[in-house]
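One-letter residues, chain by chain:
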Amino acid sequence: WRHAATVEGPGHFAVVKARDATDIEALHVPGPGTVPWELRVCTLEVAYDVAFVPASGEAEQVIAKNEAGKYLTAEEGVLAGSWTAPGAGKVHFRFRNENAWFKKRVVACRAGFAA
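Report follows, based on the coordinates. Please read these numbers as outputs of a predicted model, since none were measured by experiment.

## With respect to the sheet that holds strand E1 (residues 12-16)
With respect to topology, 4 strands assemble into an open sheet ordered E1-E9-E3-E7, the strand pairing being antiparallel. A single partner strand is all that each edge strand has here, and the edge strands are E1 and strand E7 (79-85). If you compare each strand with its neighbour and ignore which way they point, the axes differ by 20° on average. Relative to strand E9 (residues 105-111), E1 is paired through 5 bridges, and the arrangement is antiparallel. The residue bridging Phe 13 from the neighbouring strand is Ala 108, located in E9.

Spelled out as structure tokens, the structure:
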């Protein structure tokens, strides 16, 4: 990570094949609290979304998502944010390598929790 850590959770890495997607379950949220998160792509570009899946079985909530046709690029560095979880659940990072025909993308993410 380029800057001082704002997230105290373990890092997760994945390789996303061309025209493929991956889902990383990064954090179990025990209850209401603040969820700081970070993500990045290491080469070229990738589509992403960060979602919260409530343990209650309610519909998932999108925390962050790229705009249609606007991808996160390696040059942009780390994309970070913070979100308030309403209760217990899981934080998922989803990466889609929609633009590539042949090349893989290496992606990294992490999320933390503060009550």
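## Digging into the pairing of strand E8 (residues 89-96)
Across the 8 residues of E8, 6 count as buried, placing the element largely inside the fold. Judged from the 8 bridges that link them, strand E2 (residues 21-29) and E8 form a sheet pairing that is antiparallel. Its bridge partner being in E8, His 28 is matched across the sheet by Lys 90. The pairing of strand E4 (residues 45-54) with E8 spans 8 bridges and is classified as antiparallel. Paired with Phe 52 across the two strands is Val 91, which belongs to E8.

## Structural notes on the packing of aromatic side chains
The full count for this structure, using the stated rule, is 1 aromatic pair. Between the aromatic rings of Phe 52 and Trp 83, the centroid separation amounts to 5.0 Å while the plane-to-plane angle is 45°, which identifies the pairing as tilted. Taken as a pair, Phe 52 in strand E4 and Trp 83 in strand E7 lie far apart in primary sequence, 31 residues in all. By relative accessible area, Trp 83 is classed as buried at 16%. Across the ring face of Trp 101, the terminal group of Arg 19 is positioned such that the distance to the ring centre comes to 4.3 Å.

What counts and what doesn't
- Residues numbered from 1 in each chain as written.
- Predicted model: local features only at pLDDT ≥ 70, side-chain atom pairs only at ≥ 80, totals over all residues.
- Heavy atoms only, no water.
- Pairing = 2+ DSSP bridges.
- Helix = DSSP H or I, 4+ residues; strand = E, 2+ residues; numbered from the N terminus.
- Axes fitted to C-alpha atoms, helices over the stretch in contact; angles between N-to-C directions.
- Buried < 20%, exposed > 50% of the residue type's maximum accessible area, 1.4 Å probe, protein only.
- Phe/Tyr/Trp six-rings, centres within 6.5 Å; stacked < 30°, edge-to-face > 60°.
- Lys NZ or Arg CZ within 6 Å of the ring centre and 35° of its normal.

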